[in-house]
Amino acid sequence: MLEVTIQDGRYISHKQIDWNADPSLRGHEYTAISYDMESAFVLFSEAGKRAKDPSPVGKRDQQVRQNRTEFIWLDEFCLSGDCEGVKGNRDPDEEKQERKEELGRLTDIFRGAQTVVVFCQDVNCDHTTFACQWGKRLFILGEILHANKVQRMTRKIIPGKGQEIASFLYSESARSFRERMMHHAAQAGKWHLHTLLHQSNNSGSETWQSAIHALMVEAIRRDKETGYRDHELLGQGLNGLLPRRAHVRHLKGNDGWVDLSWLLELNQGFYNMATLAAVCSLNDTPKAANGWLGPPIEPRAGSERLEALVTAFPVIGRDATGKTTSHLNIVGAETIGLHPSLKRDGKALYRNPALNRKKIIS
């Protein structure tokens, strides 16, 4: 965690602290910052690649003390020993492993934050539409679904000053922020995201089966669209969003399909995996151990909710080479003939025993 000192409303200094090791810090409120890395690079480049005092333009909020200490979660600065010149002396493999573990705790970190700050590099963006780079990431599911309060940073061109751009902070409840996201999701036909946001704002409005299915499909879709075709971080992005969570050490981050299979196996009491298998296409990475898992097929309006005819659950095993693979066990499997179009069965009264009895009565 970063401890930031502010005097007279201006940034003075910051230092890294061990949030868990100091009992006196428990109970303090902190702010978590959610952002897209590309946006952070653009803003840093525009600032001349140097830290600038983030004093806002316009009137100051009189309710905020001008001399204060704030606690901020900013992932790039919140790794152990990742400040004061220590970073260059660290083992790269150790740092990579620690990053994976922190990503597995991301949902809990943002759930505990008093405020989640959201920003991107686009001008006049309120971060609720699908044009926003921030909103396309996998990890915003864990960052925003359980947020309590949102501060969105919007960049605007200052009138009368040419093309000069200033940043403005707007505070609102996380519920109203998610409602706008839900509205844009419905307009874009992203029904699984709409279901997730609806469940987040109205707890219990969706069954676990429906909510988990929407979460699975939306997470895989986002991971693929943002360039992570091997899905290494899929398990970390979903951990903490499901009824049963995995230990961070069990999510290796080497093969996201294996991590996802383990999460699904932990939650098989809440979710019938036959529904996910029904909408998944073939494997997109032949070398991966995804087995039956593949990129999901986007539903049409009205067909986003499926009712499984059988029960299925995943089991992690090993192939002949010793590689970990995921298998799907199906209980009560039945072969059903399919037709290219709907066709009325003229002999239904003779095939169906229940209808046959009605025929005799009639």
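Because the structure is predicted, anything quoted here is derived from the model rather than measured.

Draft legend 1. Structural view of the packing of helix H5 (residues 174-188) against helix H6 (residues 191-201). Relative orientation of the contacting elements H5 and H6 amounts to 155°, with a least axis distance of 8 Å. Considered as vectors, H5 and H6 are oriented roughly antiparallel to each other. Note on packing geometry: the crossing formed by H5 with H6 is left-handed. Residues Arg 175, Arg 178, Glu 179, Met 181, Met 182, Ala 185 and Ala 186 of H5 pack against Trp 191, Leu 193, His 194, Leu 197, His 198, Ser 200 and Asn 201 of H6. Residue classes in the contact of H5 with H6 are distributed as 7 nonpolar, 4 polar and 3 charged.

Draft legend 2. Quick peek at the pairing of strand S2 (residues 10-16). Bridge analysis of strand S1 (residues 2-7) against S2 gives 6 bridges, and the strand direction is antiparallel. When the bridges of S2 are listed, Ile 6 appears paired with Tyr 11. From the end of S1 to the start of S2, which pair antiparallel, there are 2 residues, and Asp 8 there has a positive phi angle of about 55°.

Draft legend 3. Region of the structure containing the nonpolar core. Within the largest apolar cluster, 60 residues are counted, with the highest numbers of intra-cluster contacts made by Trp 134, Leu 141, Met 216, Leu 260 and Leu 276. Looking at this core, the element that brings in the most residues is helix H7 (residues 208-225), giving 7 residues. The residues touching Trp 134, leaving out its near neighbours within four places in the chain, are Ser 34, Tyr 35, Asp 36, Val 118, Phe 119, Cys 120, His 127, Ile 140, Glu 143, Ile 144, Phe 177 and Met 181. One finds Leu 2, Tyr 35, Leu 43 and Phe 119 within the second-largest nonpolar core, a separate group that totals 11 residues.

Draft legend 4. The pattern of salt bridges, seen in detail. Tallying each qualifying case throughout the model produces 12 salt bridges. Between Arg 180 and Asp 126 there is a salt bridge, and its shortest N-O distance comes to 3.6 Å. Note that Arg 180 is positioned in helix H5 and Asp 126 in the loop between strand S5 (115-123) and helix H4 (140-144), a separation of 54 residues in sequence. Given the relative accessible area of 23%, Asp 126 is considered partly exposed.

Draft legend 5. Examining the confidence of the model for the protein chain more closely. Taken as a whole, the protein chain shows an average pLDDT of 80; of its residues, 82% reach a score of 70 or greater. Of all helices and strands in the protein chain, the one with the weakest mean pLDDT is helix H12 (residues 353-361) (63), whereas H5 scores best (92).

Draft legend 6. Quick peek at the environment of Ala 32. Tracing the chain through its elements places Ala 32 in strand S3 (residues 31-35). You can call Ala 32 buried: its relative accessible area is 0%. Sequence spacing of Ala 32 and Gly 112 is 80 residues, and the spatial spacing of their C-alpha atoms is 9.0 Å. Residues within four places of Ala 32 in sequence aside, it is in contact with Trp 73, Phe 110, Ala 113, Thr 115, Val 116 and Val 117.

Parameters and conventions
Residues numbered from 1 in each chain as written. Predicted model: local features only at pLDDT ≥ 70, side-chain atom pairs only at ≥ 80, totals over all residues. Heavy atoms only, no water. Axes fitted to C-alpha atoms, helices over the stretch in contact; angles between N-to-C directions. Helix = DSSP H or I, 4+ residues; strand = E, 2+ residues; numbered from the N terminus. Parallel < 35°, antiparallel > 145°, perpendicular 65-115°, else oblique. Left-handed = near helix turned anticlockwise from the far one by under 90°. Contact = heavy atoms within 4.5 Å. Nonpolar A, V, L, I, M, F, W, Y, C, P; charged D, E, K, R; others polar. Pairing = 2+ DSSP bridges. Core = buried A, V, L, I, M, F, W, Y, C linked by side-chain atoms within 4.5 Å. Buried < 20%, exposed > 50% of the residue type's maximum accessible area, 1.4 Å probe, protein only. Salt bridge = Lys/Arg side-chain N within 4 Å of Asp/Glu carboxyl O. pLDDT = per-residue confidence, 0-100.

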